[in-house]
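# A closer look at the structure
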Amino acid sequence: MAPEYINIGVISNKHDIFCLGVIMLEMITGHKDYPEFETQKDSIELVVGMWRKRLQQETSKGRSVEGYCRQVMACILIALKCVDFDRHDRPDIGEVARALDETETWIHDDSDLLDVHPTDLRFAFKPKKHASCLVQLHNKQDDLVAFRIMCHKSPKRYHTSLPLHGMVPPRCTYTLALMTSKQLKPPPSDSDEALVLWSVAVSHSQELQLKILSNQASASREYENMFRKAQESADDEMQEVTLKCISAPPPADEEATSSDLSGQKIEIIATLNAHKVSSVQVHPTEPWILTTHEGGNLRRWNYKTTEVLNSFEDEAVYIAKFIPQEEWIVAGDGNGWIHVFSCDGYQDPTSFEAHDGHIMSLAVHPTDSYVLSSSHDDHLIKLWHWDMHWDFKKGPWACTRTFEGHTDRVSQLVFNREDPGCFASASWDGTVKIWSLNSDVCKTIMSDTHQDGLLCVDFITGADHQHLITGSKDQTAQIWDLEIHRRREYLQGHTDHVSVVYYQPDHQKLITGSLDGTIRIWDATTYRLENVIALNLGAVSDVGYIEELQRIIVGCYQGIAMMEINFHELSIASKGRMQIMP
């Protein structure tokens, strides 16, 4: 029985949906333990593992076990949506049917180079707005697979520049964001609009050739030549998949769409006031994001409505952070000044000179009245404090400590989540340093052998002992062991500077973003690459995370993307792929 009937005797139009979810869970698990099963990660992994073992024994040769396992995972997630305690959050039967239909495209012959999902691309039409859709390419091979997406009929319909091309790493998922141009009216319902995706295995020499290409035009020509030769050669296996493009009406309920049920949802803000993002931050309790832009603009957004709540145009700032305990915003400009704003914009800002030149990074202490700042020019780190009686009329904050030691630009500062009494700094001088707030003497110095310099840093906490992740101009991210003060691992694959690194502690994931326009998701324990996401919005500058929605916020040169990530499904898919590797 649905909880609303048990608790208050209400039989709603979502009562049958609840019963359907219970039946699905009982069929999937094989026994009646729905109340204990609900959303528990270990239980879900156990059930999917049980199905994987059974399918490996019974599936006919040439069929994709992983495709069937993804179907099981999708059915669990759909069923859990159906048994949501709040009946208003349950899907309707049409949404359930569409989500189940989509899973039918996941079963392929093992001879296919890529599993492609979905093959029907649904763009939710809204007048005068861009529409976005995600497509996932699953590489089941132990080799790199190159892909190329073409549009033969109406290329002007797409805001995304076509053709698209790239390489899917072995045993990995590559997620592509496609976006239409703004349209006044939807295309005809009987439109035969489609994209064509080709894929071909890549040799080591071809991989090296593609990596050394210096610009997009050269890479595009090389991909075109590679696929032309593959078409002409009888020896190369080339896969072709047609992606049908469907213009769908916008969902009545934005929070319960078919893409929501399958764990894939994206919204892209590509308006002019969302371009050239230099920093992004998510407020920990309010539905706000904060962005700065290359022109010096500072904006506060509501991420649920994607509307700008207010803009701060008085000062040209390039980095900004929320101070949530005070409902303030602290920002740094290109001349070395710090500006403090009230979130609602009703107070006149307070400004004071902090450094000799461009402020590159700010870090806000999670509980105490401290802010760290670093500079482009003077290579210093400063600790700022405000007392409990401070207000906007009382002038500058007090600088309580200056940290010296870096010999080049200090690119990022970050507090330790588990011990906010210490922080890390990354610098273009190739070093990452650990400091205590109580001393201006550096506790730990770790030096990068590469001279290209470090651009970003974050703590990896929660393990037996702590690590750091840094991003570099040399196109790699590095894992540093804080116990032995040495580099432990390289994360390779990006083709341009790694501009942002982020550790997601609840799901044990690492996120790296690059000027190559992609973000990559890695397992924080094994350092295995799980997903490459190409947003096709230009260089990635910063990343934030909304825990409530399991959504990442990505600031790019051509816009802002908010993408739902099902970390749990990624983990299970990765474990499955690891089991079948030779």
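If you're wondering where the values come from, they're calculated on a predicted model, not measured in any experiment.

### Here we look at the pattern of salt bridges
All chains considered together, the criterion is met by four salt bridges. One salt bridge in this structure joins glutamate 4 and arginine 90, with 2.8 Å as the shortest N-O distance. With a gap of 86 residues between them, glutamate 4 in helix α1 (residues 3-8) and arginine 90 in the loop between α5 (65-82) and α6 (93-102) connect regions that are remote in the sequence. When its relative accessible area of 6% is taken as the criterion, glutamate 4 is described as buried.

### Describing the packing of aromatic side chains
Scanning the entire structure with this criterion turns up 16 aromatic pairs. For the pair tryptophan 328 and phenylalanine 392, a centre-to-centre distance of 5.8 Å together with 70° between the ring planes defines the contact as edge-to-face. Taken together, the positions of tryptophan 328 in strand β15 (residues 328-333) and phenylalanine 392 in the loop between β20 (381-385) and β21 (398-403) put the pair 64 residues apart, joining distant regions of the chain. Note on accessibility: tryptophan 328 and phenylalanine 392 belong to one class, buried. Ring geometry for phenylalanine 352 against tryptophan 397: centres 5.7 Å apart, planes inclined by 50°, an arrangement best described as tilted. Linking phenylalanine 352 in strand β17 (residues 350-353) with tryptophan 397 in the loop between β20 and β21, this pair joins segments that are 45 residues apart in sequence. Grouping aromatic residues by their ring pairs yields a cluster made of Trp328, Phe352, Trp384, Trp386, Trp390, Phe392 and Trp397. We note lysine 473 situated over the ring of tryptophan 428; from NZ or CZ to the ring centre the distance is 3.3 Å.

### Some points on the pairing of strand β24 (residues 431-436)
In terms of burial, β24 is a largely internal element, six of the six residues being buried. With burial as the criterion, each face of β24 is covered, one bearing Thr431, Lys433 and Trp435 and the other bearing Val432, Ile434 and Ser436. Relative to β24, strand β23 (residues 422-427) runs antiparallel, the two sharing five bridges. For alanine 426, the partnering residue across the bridge sits in β24 and is valine 432.

### Points about the sheet that holds strand β13 (residues 307-312)
With antiparallel pairing, the four strands of this open sheet are ordered in space as β10-β11-β12-β13. At either margin of the open sheet sits one strand with a lone partner, and together these are β10 (277-282) and β13. Within this sheet the neighbouring strands show an average axis-to-axis angle of 20°, counted without direction. The pairing of strand β11 (residues 288-293) with strand β12 (residues 298-302) spans five bridges and is classified as antiparallel. Its bridge partner lying in β12, tryptophan 288 is registered against asparagine 302.

### Some remarks on the sheet that holds strand β14 (residues 317-323)
Hydrogen bonding along the main chain pairs the strands of a sheet, whether they run parallel or antiparallel. Taken in spatial order, the four strands line up as β14-β15-β16-β17 in an open sheet, and their pairing is antiparallel. Each of the sheet's edge strands pairs with one partner strand only, and the pair in question is β14 and β17. Averaged over all pairs of adjacent strands, the angle between their axes in this sheet comes to 20°, without regard to strand direction. Strand direction decides the pairing type here: β15 and strand β16 (residues 337-342), joined by five bridges, are antiparallel.

### A closer look at helix α2 (residues 15-29)
When the terminal C-alpha atoms of α2 are compared, their 22 Å separation across 15 residues agrees well with the 21 Å that a helix rising 1.5 Å per residue should span. If you check which residues of α2 are buried, you get His15, Ile17, Phe18, Gly21, Val22, Met24, Leu25, Ile28 and Thr29. Positive backbone phi, at 85°, marks glycine 30, one or two positions downstream of α2.

### Digging into unusual backbone geometry
Residue histidine 117 is joined to proline 118 through a cis peptide bond whose omega torsion reads -10°. Structurally, proline 118 is set in the loop between β1 (114-117) and β2 (120-124). In the segment running from leucine 162 into proline 163, the intervening peptide bond is cis, with an omega of 5°. Within the secondary structure layout, proline 163 lies in the loop between β4 (145-150) and β5 (164-168). Its identity is not glycine, yet tyrosine 527 carries a phi of approximately 65°, on the positive side. Here glutamine 550, not a glycine, exhibits a phi torsion of approximately 50°, which is positive. With respect to the helices, strands and loops of the structure, glutamine 550 is situated in the loop between β34 (540-546) and β35 (551-556). Glutamine 550 sits in the partly exposed class, given a relative accessible area of 27%.

### Remarks on the nonpolar core
In terms of nonpolar packing, the biggest core is built from 42 residues, with Leu114, Leu121, Leu137, Leu176, Leu195 and Leu510 touching the most fellow members. Among all residues touching leucine 121, those that are not within four sequence positions of it are Cys133, Val135, Leu178, Leu195, Leu243, Lys244, Cys245 and Ile246.

### Some points on a nonpolar patch on the surface
Taken together, the side chains of Met1, Tyr5, Ile6 and Ile11 present a nonpolar region at the surface, about 470 Å² in accessible area. Inspection of the secondary structure puts methionine 1 in the segment before α1.

### With respect to the pairing of β14
Taking burial as the measure, the seven residues of β14 include six buried ones, the bulk of the element. Bridge analysis of β14 against β15 gives six bridges, and the strand direction is antiparallel. Residue pairing across strands places isoleucine 319 opposite glycine 332, the latter belonging to β15. Taken together, β14 and the strand that follows it, β15, pair antiparallel across an intervening segment of four residues, in which glutamate 327 is found at a positive phi of about 60°.

### Description of the confidence of the model for the protein
Residue-level pLDDT values for the protein average 84, and 87% of them are 70 or greater. Highest mean pLDDT in the protein belongs to β20 (97); lowest belongs to helix α9 (residues 258-261) (38). Long-range and interchain partners of residues 253-263, a stretch whose pLDDT sits below 50, account for 29 contacts in this model, where long-range means more than four residues apart. This model gives residues 572-582 a pLDDT under 50, and the stretch forms 30 contacts once residues within four places in sequence are excluded.

What counts and how
Residues numbered from 1 in each chain as written. Predicted model: local features only at pLDDT ≥ 70, side-chain atom pairs only at ≥ 80, totals over all residues. Heavy atoms only, no water. Salt bridge = Lys/Arg side-chain N within 4 Å of Asp/Glu carboxyl O. Helix = DSSP H or I, 4+ residues; strand = E, 2+ residues; numbered from the N terminus. Buried < 20%, exposed > 50% of the residue type's maximum accessible area, 1.4 Å probe, protein only. Phe/Tyr/Trp six-rings, centres within 6.5 Å; stacked < 30°, edge-to-face > 60°. Lys NZ or Arg CZ within 6 Å of the ring centre and 35° of its normal. Pairing = 2+ DSSP bridges. Axes fitted to C-alpha atoms, helices over the stretch in contact; angles between N-to-C directions. Expected span 1.5 Å × (residues − 1). Core = buried A, V, L, I, M, F, W, Y, C linked by side-chain atoms within 4.5 Å. Contact = heavy atoms within 4.5 Å. Patch = residues over 30% accessible without salt bridge, like charges linked within 9 Å, V, L, I, M, F, W, Y side chains within 5 Å. Areas by Shrake-Rupley, 256 points an atom, 1.4 Å probe, with all protein chains shown as cover. pLDDT = per-residue confidence, 0-100.

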